[in-house]
Amino acid sequence: MVGPPVLDSVVPVSGDGGTLEAYRSMEPIVRAGIQFAGTVLVAMMVLGLLQTYGARSVTKSRRSPIISWCIGLPALLVVAGLASTGYLIADTSVGIFFGIPMVILGVTVLPVVTAIGFTAIGRTIASRFGADRLWVGVLVGALISGLAGLSLPATVILAGLAGALGLGASIRVLFGGVGTARPDDRTVPPANKI
């Protein structure tokens, strides 16, 4: 009687030899260091290049994290799905036209919003200890990201939560000023005028 075939080796995730398997094969302390350094670098670049937008996204995600997660989680699934679909169809005849822009979208959006999310989480934790500054949030968020690197499931869960938080807040900041003005820009009629 012949049964189903047994896989003796790990099936690579990507066509170039399994980038995920190479990442998993690293020592946990090396993964933690890479994730810490990567988070600090991306967060500094994002918050340095997009100064107003990045700081407003961090503030928005801290003020109402549940709304940001509710908006960001479906959006994160869409962006990650588009990026992975683009990666899969990149080798086909239509892949050059459709796949490469989808991969570029995912590669540019996902690290940016994940860095914003980790910064918001780090700033929230740091504010509990009396240090409510943006650079402290970057360092604490990167430390959390590095600690998550000790375990691959923790990395996936925390990066997903931070990405959803950052993407939801970024969408809210991007589309927040379309319909109404900021509250401090409102004009109120003077009192006691006839």
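Please refer to the structure placed before this passage.
Read on for a plain summary of the structure. From a predicted model like this one, the values you see are computed outputs, not experimental measurements.

**A short note on the pattern of salt bridges**
- What the rule picks out here adds up to three salt bridges.
- For the salt bridge of R24 with E21, the shortest nitrogen-to-oxygen distance reads 3.5 Å. Taken together, the positions of R24 and E21, both in helix α1 (residues 19–24) and three residues apart, correspond to about one turn of that helix.
- Residue classification places R24 among the partly exposed positions, given a relative accessible area of 47%.
- Residue class for E21 comes out partly exposed when judged on its relative accessible area of 25%.
- Salt-bridge contacts for D132 lead to R62; the nearest nitrogen and oxygen are separated by 3.0 Å. Residue D132 is located in the loop between α5 (95–128) and α6 (134–148), and its partner R62 is located in helix α3 (residues 51–63); the two are separated by 70 residues in the primary sequence.
- Beyond isolated ion pairs, a larger network of salt bridges with shared partners links R62, R123 and D132.

**Brief notes about the environment of S64**
- Summarising the element assignment, S64 is placed in the loop between α3 and α4 (65–88).
- Along the primary structure S64 and L165 are separated by 101 residues, whereas in three dimensions their C-alpha atoms are 9.7 Å apart.

**Looking at the nonpolar core**
- Of all hydrophobic cores here, the largest spans nine residues; its members are A43, V46, L47, V58, A115, I116, A120, V138 and L165.
- Breaking this core down by element, the ones donating at least two residues are α2 (28–49) and α5.
- Sequence-distant contacts of L47, that is, excluding residues within four places in its chain, are made with G54, A55, V58, T119, L134 and V138.
- With six residues, the next largest nonpolar core counts A75, V113, A164 and L167 among its residues.

Definitions and limits used
Residues numbered from 1 in each chain as written. Predicted model: local features only at pLDDT ≥ 70, side-chain atom pairs only at ≥ 80, totals over all residues. Heavy atoms only, no water. Salt bridge = Lys/Arg side-chain N within 4 Å of Asp/Glu carboxyl O. Helix = DSSP H or I, 4+ residues; strand = E, 2+ residues; numbered from the N terminus. Buried < 20%, exposed > 50% of the residue type's maximum accessible area, 1.4 Å probe, protein only. Core = buried A, V, L, I, M, F, W, Y, C linked by side-chain atoms within 4.5 Å. Contact = heavy atoms within 4.5 Å.

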